[in-house]
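Below are the chains, spelled out letter by letter.
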Amino acid sequence: MKVARFYAPGDIRIEQAPEPSAGAGELKLKVHNCSTCGTDLKIFRHGHHHIDPPRVIGHEIAGEVVEAGSGVDGWQPGDRVQVIAAIPCGECPDCLRGWLTICPNQRSMGYHYDGGFAEYMIVPQAVLKVDGVNRIPDSLSYAEASVAEPFACVLNGQELAGAGEGDTVVVVGAGPIGCLHVRLARARGAEAVYLVELSRSRLEMAAALVKPDAAIWSSDVDPVEEVLRLTDGRGVDVVITAAAAGKAQEDGLKMAARRGRISFFGGLPKDNPIIACDSNLVHYRELTIVGANGSSPDHNKRALELIASGAVPVDDLITHRMPLDGVLDAINTVSTGEAIKVTIEP
């Protein structure tokens, strides 16, 4: 079978590999879609400390069961499934408290296990152990189901930030994650959602699809001043920084209204993770700053349900579809910002 293997930064190879078989407690999938994200770009450029090359990468996975290993119940050939990316152990003190997203023993598809940039793949026993395989509703395509994984992370982020009915929300960053945040905020009852982006072309492309109440081009205007203008000086209830930029986080503190919640959703570069935080803003306005790290198996299930219900449509966000041979083109397209969501169809 054909796979895309990461060997080293700048070195991903399309090559032939033996087709795998499902062992005890495992599932074998025919991959129909594995979508790409900014993390794949980071891996291509810099590698990752959890990847011991060579490794088949790709972690936004949807496919068809073709074989169930011994001891696997409830799944059979022909079942359409979506697979979690982040795999909690389910046994540590954090997992037992329900905090699966911060499991210190977490492993991941496409990092510790071969991922979805392949014609066939194995879902390891560790995934099935934590109920990490989800049946795709008949109404959804494989491509839409593959978006459930990043959307599950968005769902976790908004739940931690308490985004909900009547809130005014700012999303900083108009990539696929930012677009999903805009749509989920609306689905959760936000009164108004504003989208901030540095790149004009990216902002225009995203705004045409997700239609925020205001699209703020932060190269042209001061986004803090514009948000304050839009809210008559009050600020917003929720700020979500879906961009890997310290300035976005610093601006987020200044955009928040009293009792506002700021989600540091996008992580910062490891060589520059420190920001300036006006502690008095946090103190006197009673602000809440929350992090957001991935998703749990339950988030994935609920993400699929929200997509299938039509509450958060994703099909129009998939702007590019490429074959497995086009993985490098897909990663390059992600890097240019020309696309919202790029999916690989092996």
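Residues numbered from 1 in each chain as written. Predicted model: local features only at pLDDT ≥ 70, side-chain atom pairs only at ≥ 80, totals over all residues. Heavy atoms only, no water.

**Notes on the packing of helix α5 (residues 148-161) against helix α6 (residues 176-187)**
Right, on to step 1. Packing of α5 against α6 brings their axes to within 10 Å, and their N-to-C directions diverge by 55 degrees. By the criterion of interaxial angle, the relationship of α5 to α6 is oblique. Classified by chirality, the crossing of α6 by α5 is right-handed. On the side of α5, the interface is formed by Pro-150, Phe-151, Val-154, Leu-155 and Gln-158, while α6 contributes Ile-177, Leu-180, His-181, Leu-184 and Ala-185.
Right, on to step 2. In terms of residue class, the contact of α5 with α6 is built from 8 nonpolar, 2 polar and no charged. (Axes fitted to C-alpha atoms, helices over the stretch in contact; angles between N-to-C directions. Helix = DSSP H or I, 4+ residues; strand = E, 2+ residues; numbered from the N terminus. Parallel < 35°, antiparallel > 145°, perpendicular 65-115°, else oblique. Left-handed = near helix turned anticlockwise from the far one by under 90°. Contact = heavy atoms within 4.5 Å. Nonpolar A, V, L, I, M, F, W, Y, C, P; charged D, E, K, R; others polar.)

**Considerations on the domain arrangement of the protein**
Right, on to step 1. In terms of domains, the protein is made up of domain 1 (2-136 + 314-344) and domain 2 (153-291).
Right, on to step 2. Computed over C-alpha atoms, the centres of domain 1 and domain 2 are 29 Å apart.
Right, on to step 3. Across the boundary between the two partners, domain 1 contributes 9 residues, which contact 11 residues of domain 2.
Right, on to step 4. For the pair domain 1 and domain 2, the summed buried area comes to about 900 Å², and 65% of that belongs to carbon and sulfur atoms.
Right, on to step 5. Contact with domain 2 buries area across many residues of domain 1, yet Asp-316, Leu-317 and Ile-340 alone supply 56% of it, more than any other trio.
Right, on to step 6. The tally of links between domain 1 and domain 2 comes to 1 salt bridge.
Right, on to step 7. Residue Arg-183 is joined to Asp-316 by a salt bridge in which the shortest nitrogen-to-oxygen separation is 2.8 Å.
Right, on to step 8. There are 3 residue pairs in polar contact (both at pLDDT 80 or more) connecting domain 1 and domain 2.
Right, on to step 9. Within the side of domain 1 that touches domain 2, the residues separate by chemical class into 4 nonpolar, 2 polar and 3 charged. (Domains from an automatic or database assignment. Buried area = accessible area lost by both parts, 1.4 Å probe. Salt bridge = Lys/Arg side-chain N within 4 Å of Asp/Glu carboxyl O. Polar contact = N/O pair within 3.5 Å; in protein donor to acceptor, adjacent residues only side chain to side chain.)

**Quick word on the UniProt feature "domain: Enoyl reductase (ER)" (unreviewed entry) in the protein**
Right, on to step 1. Under the present numbering, the feature "domain: Enoyl reductase (ER)" (unreviewed entry) in UniProt falls on residues 10-344.
Right, on to step 2. Within residues 10-344, the helical portion is 32% and the strand portion 25%, while the C-alpha atoms at the span's ends are 19 Å from each other. (UniProt positions renumbered as here; feature names shortened; annotations may be inferred.)

**Describing the packing of α6 against helix α7 (residues 200-210)**
Right, on to step 1. Viewed as axis vectors pointing N to C, α6 and α7 meet at an angle of 30 degrees, and their least axial separation amounts to 10 Å. The angle between α6 and α7 places the two elements in the roughly parallel class. Remark: the crossing between α6 and α7 carries right-handed chirality. Residues Pro-176, Cys-179, Val-182, Arg-183 and Arg-186 of α6 lie in contact with α7, whose contacting residues are Arg-202, Ala-206, Leu-209 and Val-210.
Right, on to step 2. Of the residues belonging to the contact of α6 with α7, the class tally is 6 nonpolar, no polar and 3 charged.

**Regarding helix α11 (residues 297-309)**
Since the α-helix advances by 3.6 residues per turn, residues separated by three or four positions end up pointing in the same direction.
Right, on to step 1. When the terminal C-alpha atoms of α11 are compared, their 19 Å separation across 13 residues agrees well with the 18 Å that a helix rising 1.5 Å per residue should span.
Right, on to step 2. Considered for burial, the residues of α11 that qualify are Pro-297, His-299, Asn-300, Ala-303, Leu-304 and Ile-307. Around the axis of α11, the buried residues are gathered within 155 degrees of arc, so they sit on the same side. Seen from the buried face of α11, the exposed residues on the opposite side, beyond 90 degrees, are Glu-305 and Ser-309.
Right, on to step 3. Against the buried residues of α11 lie β6 (80-83), β10 (133-135), α4 (142-146) and α5.
Right, on to step 4. Looking one or two residues beyond α11, the residue adopting positive phi is Gly-310, at roughly 90 degrees. (Expected span 1.5 Å × (residues − 1). Buried < 20%, exposed > 50% of the residue type's maximum accessible area, 1.4 Å probe, protein only. Arc of directions from axis to C-beta.)

**Looking at the sheet that holds strand β4 (residues 55-56)**
Right, on to step 1. In spatial order, the strands read β2-β1-β4; together these 3 strands make up an open sheet with antiparallel pairing. Each having just a single partner strand, β2 (11-16) and β4 make up the two edges of the open sheet.
Right, on to step 2. Bridge count between strand β1 (residues 2-8) and β2: 6 bridges; the pairing is antiparallel. Across the sheet, residue Ala-8 finds its bridge partner in β2, namely Asp-11. (Pairing = 2+ DSSP bridges.)

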